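What the coordinates show
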Amino acid sequence: MAESQSTTLTPTDVQNMEFQDANDTHMHSSSLKSTNDSLEVDIEHAVVHDDPRIWSNTKKNIVLCIISGASMISGLASNIQNPANAQIEQQLHASSGEISLCLSLFVLVQGNFTVVWSGVSEIMGRKLVYVSSIALFTIGSIIVALSRNIDLMIGMRILQAAGSSAVIAIGAATLADIYEPHQRGTMMGVYYSAPLLGPALGPILGGGLTQGLGWRSVFWFLVIWGGIVCAAFLFLFKDTFRKERSMTYQNILKKRLREQQLSEAKNDSPQISERTRDRFQKESGLDGENRTNSKDIEAQQAVIPASAIKEVKLSIADVNPFPPYLSIISRKNNFTILVASGFLYGFSFSTTYSCARTLSMHYNYDALQIGLVLLAFGVGSISGSILGGRWSDRTLARAVAANEGVSFPEMRLESTKIAMVWLPLAVLGYAWVCQERVNIGALCVMLFLAGFLSIWIYTSTLAYIVDANTGRSATAVATNSSFRGLFAFAATEITVPLQDSIGDGGMYTLWAGLLVVTECLILLVLYKGKEWREASVEQETQKQDAK
């Protein structure tokens, strides 16, 4: 297949080729032309100014620390409220249904607003989105802290959700900007452990603040954290986005250039120079002679020359997130893994909410005690994220070595098998430990195992989503967040009715069955995903050639 016939170059290799001594340029170009079938530069490794892939480790670590700190906001904001729910319900005269609606609408908007932020980030860059969204989150947090009724609180929690969602959408894309594919599993594990501090620290912080200062202090804490993160992005963060490496930007730019050429033909008033147009057509493969028949659209993705990018400016008006979103879910491999990801997140989100409810009603725990118990789930999730990410990279490296140095994204999913056997068993154990109201120590052990095993699998699926969607990682992660939000919304809305009707034992037995289905979907992508992906790529190539 196409992927097994090409070699991907690192940014350093590309720049070494691009900027060799001028005396060797002609000879080198001839060599590249003669070996074109075996050596290709994909859009991820297009030559760019100040390439983030070759930044120093210190510079990369600063970026990683800032986005990790920011990503804690999403986890904190969605979990820190749980220990305070009883007090909010009492003081704002709210019902359990209204509290559930507050939580479910938050996660629904948080998951789906990512599509908008990712679309903006692929045109205007990452930094503008980070600063704007965190500022929006901070404003929402202030109003929530001042709320005097549940309706205002629900409305401002939605504003909070919209602001906190950006980091979910473009945090992983930022890592894709600065790290090579073989490094991403580990870095995704490190990065994703930060938002998992939300389920870990959120309940403790929420419980302690609620117990000592009242529920409003929970949201004033979020105001302070949001302000710190916003300042870090404003003064310390350097944008990692490069237009040449964004498939979304390149596709919109090509469309604009075609429109300008048609306008020139009609009006005879050139808006871009003939030299630029000729260079654009030649270098981007639109002149008909340079079209490729490769099945790997990412490896062959045409890159608009820098001169054309400078002469044609895109704006916020060019942002339309829905075509890229539909493009992601139209691929069978993407849709299948996104459904699996949604189930995994829905399980995690409903577990923290329902556990807090169980501890309050049946164990008579106060807010701080609930937070301490939920810490077990958070610690398990963080451990699973870090260790699962490292195992994912090791598994990928072994698979590549066994395949004579040739890699493809589905190889990474082999790392999930080790956790698949144990996850449904751990969830079943948690189900009946809760149902029988046994010693709290047993419940903590089951919570830890459920968190550890579910996130072990999730880390590899997230890395796969990025690897399988070269040049549009922000859109792919945003689409993943959209699915997560939809599944978490549904899970939260049905948690209370199920818990009241069939108990924790019945509800989590159902979850164990759904997680078996989830694992089957991941295995389906592992064994059929490459075939599906290449068929989708071929269809996309044919459509592109037909334009």
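The coordinates are above.
Throughout, a residue's number is its position along its own chain's written sequence, starting from 1. Predicted model: local features are reported for residues with pLDDT of at least 70 only, side-chain atom pairs are reported and counted for 80 or more only, and whole-chain, interface and lining totals are derived from all residues. Where side-chain values are given, they derive from all heavy atoms of the structure, hydrogens and water being excluded.

Time to look at the overall build of the chain. Looking only at helices and strands, one finds 21 helices and 0 strands in the chain. Relative to its full complement of 547 residues, the chain shows a buried share of 57%. Working rule for contacts: check all heavy atoms of both residues, and any pair within 4.5 Å makes them a contact. Across the chain, the fraction of contacts at a sequence separation of at least 24, relative to all contacts at a separation of at least 6, is 85%. All accessible-area figures derive from a Shrake-Rupley calculation using a 1.4 Å probe, and residue coverage is judged against the displayed protein chains alone. Accessible surface, the chain as shown: approximately 22,000 Å² in total, 61% of it carbon and sulfur. Here a helix means four or more residues in a row that DSSP labels H or I, a strand means two or more in a row labelled E, and each is numbered from the N terminus. Accessible area is worked out with a 1.4 Å probe on protein chains only. A residue is then buried under 20% of its type maximum, exposed over 50%, and partly exposed in between.

All right, on to the nonpolar core then. For this analysis, a nonpolar core means a set of buried residues of the types Ala, Val, Leu, Ile, Met, Phe, Trp, Tyr and Cys, connected via side-chain atoms within 4.5 Å. With 61 residues, the main nonpolar core has I88, I150, M153, F219 and F233 as its most contacted residues. Per-element accounting of this core gives the leading share, 14 residues, to helix α8 (residues 150-178). Other than its neighbours up to four places away in sequence, F219 contacts Q81, S141, V144, A145, M153, R157 and Q160. Grouped together as the second largest cluster of nonpolar side chains are 55 residues, I337, A340, A356 and C434 included.

Let's shift gears to a nonpolar patch on the surface. Each patch is built from salt-bridge-free residues with over 30% relative accessible area, joining like charges within 9 Å and nonpolar side chains (Val, Leu, Ile, Met, Phe, Trp, Tyr) within 5 Å. By salt bridge we mean one thing: a side-chain nitrogen of Lys or Arg within 4 Å of a carboxyl oxygen of Asp or Glu. Together, I139, I142, I143, L146, L152 and W220 give the surface a local cluster of nonpolar side chains, amounting to about 480 Å² of exposed area. Its place among the elements puts L152 in helix α8. By relative accessible area, L152 is classed as partly exposed at 35%.

The next point concerns the packing of aromatic side chains. When the centres of two rings from Phe, Tyr and Trp lie within 6.5 Å, Trp using its six-membered ring, the rings pair. Their planes under 30 degrees apart give stacked, over 60 give edge-to-face, and anything left gives tilted. Inspection of the entire model under this criterion finds 15 aromatic pairs. On the numbers, 4.9 Å between centres and 75 degrees between planes, the contact of F343 with F487 is edge-to-face. Linking F343 in helix α16 (residues 332-362) with F487 in helix α21 (residues 473-546), this pair joins segments that are 144 residues apart in sequence. F487 sits in the partly exposed class, given a relative accessible area of 22%. Measuring from ring centre to ring centre gives 5.7 Å for F452 and W456, while their planes differ by 45 degrees; the resulting arrangement is tilted. One end of the pair is F452 and the other is W456, both in helix α20 (residues 440-467) and 4 residues apart, which spans about a single turn. The buried category is assigned to F452, whose relative accessible area is 17%. An aromatic cluster of three or more residues is present, and its members are F347, Y430, Y508 and W511.

This part is about helix α17 (residues 367-402). Given a helix with a known number of residues, its expected span is that number minus one, times 1.5 Å. Helix length check: α17 (36 residues) gives 52 Å between terminal C-alpha atoms against 52 Å at 1.5 Å per residue, within 8%. In this analysis the local bend is the angle between axes fitted, respectively, to the seven residues ending at and the seven residues starting at the residue. At L374, α17 is deflected by roughly 30 degrees, the largest bend along its length. One or two residues past the end of α17 sits E404, with phi positive at roughly 60 degrees.

With respect to the helices and strands, the residue L368 is situated in helix α17. Looking at L368, the relative accessible area reads 34%, which means it is partly exposed. For the pair L368 and L209, spaced 159 residues apart in sequence, the C-alpha separation works out to 8.4 Å. L368 has contacts with I204, G207, G208 and Q211, leaving out every residue within four places of it along the chain.

The next thing to look at is the pattern of salt bridges. It is possible for side chains bearing opposite charge to pair when their charged atoms get close. By the definition in use, this model includes 8 salt bridges. Measuring nitrogen to oxygen at the nearest pair gives 3.3 Å for the salt bridge that ties R437 to D504. Taken as a pair, R437 in the loop between α19 (422-435) and α20 and D504 in helix α21 lie far apart in primary sequence, 67 residues in all. For R437, a relative accessible area of 32% corresponds to the partly exposed category. Assessed through its relative accessible area of 2%, D504 is described here as buried. Put simply, D393, R412 and D467 are held in one network by salt bridges that share partners.

We now examine helix α3 (residues 57-79). Relative to the 33 Å expected for 23 residues at 1.5 Å per residue, α3 spans 32 Å between its end C-alpha atoms, a close match to the ideal helical length. With respect to burial, α3 is a largely interior element, 17 of its 23 residues being buried.

Turning to the environment of L338, a few remarks are in order. Looking at the element boundaries, L338 is found in helix α16. Using a relative accessible area of 1% as the deciding quantity, one classes L338 as buried. Distance from L338 to S481, taken between C-alpha atoms, is 9.0 Å for residues 143 residues apart in sequence. Contact partners of L338, with chain neighbours within four places excluded, come to I328, I329, I465, T479, N480 and F483.

Moving on, we get to the packing of helix α7 (residues 126-145) against helix α11 (residues 216-235). Direction vectors running N to C along α7 and α11 enclose 160 degrees, while the axes themselves pass 8 Å from each other. Here α11 runs roughly antiparallel to α7, going by the angle between their axes. For the element pair α7 and α11, the recorded crossing hand is left-handed. Across the interface between the two elements, K127, Y130, V131, I134, A135, F137, T138, S141, I142, V144 and A145 of α7 pack against R216, F219, W220, L222, V223, G226, G227, V229, C230, F233 and L234 of α11. Nonpolar residues are Ala, Val, Leu, Ile, Met, Phe, Trp, Tyr, Cys and Pro. Charged residues are Asp, Glu, Lys and Arg, and all others, Gly as well, are polar. Across the contact of α7 with α11, the residue classes break down as 16 nonpolar, 4 polar and 2 charged. Helix axes are fitted to C-alpha atoms over the stretch in contact, other axes to C-alpha atoms as well, and angles between N-to-C directions run from 0 to 180 degrees. Angle categories are assigned with fixed cut-offs, so that under 35 degrees is roughly parallel, over 145 is roughly antiparallel, 65 to 115 is roughly perpendicular, and the rest are oblique. In this scheme the handedness of a crossing depends on how the near helix is turned from the far one: anticlockwise by less than a right angle means left-handed, clockwise means right-handed.

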